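Spelled out from the first residue to the last, the chains are:
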Amino acid sequence: MNDTPPLPGSTPLSRGLTRRRLIAAGGAALLALPAFRSACAQAGASDVDVAIVGGGAAGIAAARALAAAGRSYVLLEAGEKLGGRARTDTAFGHVFDLGAPSFARGVETEGLAGAAMAAKLPLADLPSGRRLFIDGHEAREGGYDAFLATLGRARRDILAASDAGKDVACASVLTAPGDWSASVAALLGPLGVGRSLAELSTVDLALRAVPADDTTSPIGIGALLEALGAGLNVQTHAPVTLITNAGRLHMLSIAGQRTQIRARAVVLAVPAPVIASGALRFNPPLPPRLVNAFRAFPAGSIEQVAFLLPGNPLRLENDETVLPKVSGAADAPPPALLRARVNGTDLHVLSFGGAPAREIAQKGESAALRLSRAFLAAAFSPQAAAAVHEVVASRWSTDPLIRGAIATAQPGQGAQRRLFTEPVQGRIFLAGEYTALDSWGTLAGAWASGEVAAAKALRLVGGGPA
Ligand SMILES: Cc1cc2nc3c(=O)[nH]c(=O)nc-3n(C[C@H](O)[C@H](O)[C@H](O)COP(=O)(O)OP(=O)(O)OC[C@H]3O[C@@H](n4cnc5c(N)ncnc54)[C@H](O)[C@@H]3O)c2cc1C
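Just so you know, these numbers come straight off a predicted model, no measurement behind them.

A. Spotlight on the overall build of the chain. Within the chain, the secondary structure is distributed over 15 helices and 21 strands. Taken across its 466 residues, the chain has 56% of its residues classed as buried. When contacts within the chain are restricted to residue pairs at least 6 apart in sequence, long-range pairs at least 24 apart make up 75% of them. Accessible surface, the chain: about 17,700 Å² in total, of which carbon and sulfur atoms supply 53%.

Dropping the structure here:
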């Protein structure tokens, strides 16, 4: 989730908060979808230069890079469709995302945005800042000032600890608590990366320097990724269960299939908690220090809850994100980020993080409805809460192919993230959000990591852009 304000040295989200400038939605449908030839089909389905495991943003980006380079490849996805943690839903008659709903565009001609624009897929700008609310009304300038001061102090505390080589829990280094401390802690922790600051490593959080999300798509981010994967050589319903090192080749076993896939290189783009769970085995086993690193990066929980609020009773702008002030009281309702009027419709989406998100994943929509009503009653009004009758909720943490939202380092383990950028057994290249050193936990980081892994695989198997 990329609502976490960046730490110093990156483009500050806080700048958006002070300005709250609304950018008109702008379509970005431009160039032609590149045609991909199915090189794997030519080579025989069981024999490829590169096998890519996992069809989320990272895997799709890797497959596109290999297709563009003219190498044989296959993209193996365990689920029924591509997209991974980007999934578009159409409940309530509207298009919305139950995973990542937005991303940071970065350089327009590169990365995910560049690919979408080249494929003439529509992008839209997001309102540039998140608004702060107190008791159902926007905070006054003084409230913004206090919030930003608290946020700045928290960032400095975390960076100072990291710079001093102290890899400890972020919560333990925060100084001078203030009126907005609970809001800042929620934004940096559970709402930003799915875990509380008590569970997050200073070194790992200081590493993350991501700009605020500024881009979405009217077709949904999940649908956008699926479109970017169209024309690739993909096998869905293909859960890889075992990767065997056979010298100059790796053999990939897929559940329910007799034929193994032989590949000269592997881009492994499944979520870190899936590898940590042992659902995917390796022969020989992964090196112990890598196994330990995976165990040191448990996934945080973020879950989305969508519902209708007809007639815009909260008087919010289209597609804006609102953070109601978080109470530090033990009996307070759970904090959440509210994305209002998705695509200009009556549909709203709440993001819960940490313990409430885990509850939603475990108990489903009854818990999601209860938590959403409690949030709306406290943050806005009992009337707003009563207007919500039905919700649709994600359950990422209990999905066996995902197992959480974002992989974060436990205190003391932040330095280990670098291990994920090293090749495994010389021929396996890890990709996915958790491998993106300074943009972990983001869609743009996942996409870029797939391109990086594909470039490494290409160096091994030989070849470049066709
Ligand atoms: C609720 C939520 C909100 C988010 N919000 C934002 C946001 O606002 N902005 C942002 O930038 N990021 C956000 N993120 C993070 C973003 O979604 C992820 O960083 C990104 O989608 C991860 O992409 P990935 O390719 O690394 O992994 P995934 O998308 O998880 O893809 C991995 C794929 O591997 C497949 N797989 C698993 N096991 C196997 C196997 N054995 N064999 C074959 N395939 C397998 C899975 O089915 C999956 O499709 C959010 C995440 C969540 C959960």
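B. Up close: the site of the ligand. Lining the immediate surroundings of the ligand are 39 residues, of which Glu-77, Arg-85, Asp-213, Glu-433 and Leu-443 lie closest. At 3.0 Å from a nitrogen atom of the ligand is found a main-chain nitrogen or oxygen belonging to Ser-102. Contact distances for the ligand include 2.8 Å between a nitrogen atom and a side-chain N or O atom of Asp-213. Considering the ligand on its own, with 1,000 Å² of exposed area, one finds that the protein chains cover 98% of that surface. If you list the elements that add at least two residues to the shell around the ligand, you get helix 3 (57–68), strand 15 (302–308) and helix 15 (443–461). Residue classes in the shell around the ligand are distributed as 23 nonpolar, twelve polar and four charged.

C. Region of the structure containing the packing of helix 3 against helix 9 (residues 221–229). As a packed pair, helix 3 and helix 9 sit with axes 10 Å apart at the nearest point and diverge in direction by 25°. Classed by the angle they form, the pair helix 3 and helix 9 counts as roughly parallel. Here helix 3 and helix 9 pass one another in a crossing that is left-handed. Contacts from Ala-57, Ile-60 and Arg-64 of helix 3 reach helix 9 at Leu-225, Leu-228 and Gly-229. Class assignment for the residues of the contact of helix 3 with helix 9 results in four nonpolar, one polar and one charged.

D. How the structure looks around the environment of Ala-454. Mapping Ala-454 onto the fold places it in helix 15. Separated by 24 residues in sequence, Ala-454 and Leu-430 have C-alpha atoms that sit 9.7 Å apart.

E. Expanded view of unusual backbone geometry. Residue Asn-283 is joined to Pro-284 through a cis peptide bond whose omega torsion reads 0°. Take Pro-284: it is sitting in the loop between strand 13 (281–283) and helix 11 (288–295). The phi dihedral of Lys-120 falls on the positive side, at around 60°, and the residue is not glycine. Of note, Lys-120 is situated in the loop between helix 4 (111–118) and strand 5 (124–125). Its relative accessible area of 48% is what places Lys-120 among the partly exposed residues. A positive phi is found at Asn-343, a non-glycine position, where the angle reads about 55°.

F. Main features of the nonpolar core. Ile-52, Leu-224, Leu-225, Leu-228 and Trp-447 are the most contacted members of the largest nonpolar core, which totals 42 residues. Contributions of two or more residues to this core are made by strand 1 (47–53), helix 3, strand 2 (73–76), helix 4, helix 9, strand 12 (261–268) and helix 15. Val-53, Leu-76, Leu-268 and Phe-282 belong to the second largest nonpolar core, which has 34 residues in total.

G. Helix 3, seen in detail. Taking 1.5 Å of rise per residue, the twelve residues of helix 3 would be expected to cover 16 Å, and the 16 Å separating its terminal C-alpha atoms lies within 8% of that figure. Burial runs high along helix 3: ten of the twelve residues are buried. Looking only at helix 3, the buried set comprises Ala-57, Ala-58, Gly-59, Ile-60, Ala-61, Ala-62, Ala-63, Arg-64, Leu-66 and Ala-67. Looking one or two residues beyond helix 3, the residue adopting positive phi is Gly-70, at roughly 75°.

H. Representation of the packing of aromatic side chains within the structure. Following the criterion strictly, the structure yields seven aromatic pairs and no others. Seen in terms of ring centroids, Phe-297 and Phe-420 are 5.1 Å apart; in terms of plane orientation they differ by 80°. Their pairing is edge-to-face. Here the residue Phe-297 occupies a position in the loop between helix 11 and strand 14 (299–300), and Phe-420 occupies one in the loop between strand 20 (406–407) and strand 21 (428–430), the gap between them amounting to 123 residues. Judged by relative accessible area, which is 1%, Phe-297 ranks as buried. Taking the relative accessible area as the measure of exposure, Phe-420 reaches 0% and is therefore buried. Clustering of aromatic rings is evident, with ring pairs tying together Phe-294, Phe-297, Phe-420 and Tyr-434.

Rules of the game
- Once a new chain begins, its residue numbering starts again from 1 and follows that chain's sequence as written.
- Reporting of local features is limited, given that this is a predicted model, to residues whose pLDDT is at least 70; pairs of side-chain atoms are given and counted only at 80 or more, and all residues count toward the totals for whole chains, interfaces and linings.
- With hydrogens and water stripped out, all remaining heavy atoms of the structure feed into the side-chain values.
- Secondary structure elements follow DSSP: runs of H or I no shorter than four residues count as helices, runs of E no shorter than two count as strands, and numbering proceeds from the N terminus.
- Working definition: with a 1.4 Å probe on protein chains only, accessible area under 20% of the residue-type maximum means buried, over 50% means exposed, and in between means partly exposed.
- Residues count as neighbours in contact if any of their non-hydrogen atoms are within 4.5 Å of one another.
- Here, Shrake-Rupley sampling with a 1.4 Å probe gives the accessible areas, and only protein chains in the shown set may cover a residue.
- Here a residue is considered near a molecule or strand provided that any single heavy atom belonging to it is located within 4 Å of it.
- Nitrogen and oxygen atoms within 3.5 Å of one another constitute a polar contact, given that in protein one can donate a hydrogen and the other can accept it, and given that sequence-neighbouring residues count only through two side-chain atoms.
- Residues are grouped as follows: Ala, Val, Leu, Ile, Met, Phe, Trp, Tyr, Cys and Pro are nonpolar; Asp, Glu, Lys and Arg are charged; all remaining types, including Gly, are polar.
- For helices, the axis comes from a line fit to the C-alpha atoms of the stretch in contact; other axes are also lines fit to C-alpha atoms, and the angle between any two N-to-C directions lies between 0 and 180 degrees.
- Our angle categories are set so that under 35 degrees counts as roughly parallel, over 145 as roughly antiparallel, 65 to 115 as roughly perpendicular, and the remainder as oblique.
- Take the far helix as the reference: if the near one is turned anticlockwise from it by less than a right angle, the crossing is left-handed, and if turned clockwise, right-handed.
- Nonpolar core, defined: a set of buried Ala, Val, Leu, Ile, Met, Phe, Trp, Tyr and Cys residues in which side-chain atoms within 4.5 Å join the residues together.
- By this rule the span expected of a helix is its residue count minus one, scaled by 1.5 Å.
- Any pair of Phe, Tyr and Trp rings, taking the six-membered ring for Trp, is counted once the centres come within 6.5 Å. Such a pair is stacked with planes under 30 degrees apart, edge-to-face with planes over 60 apart, and tilted for the rest.

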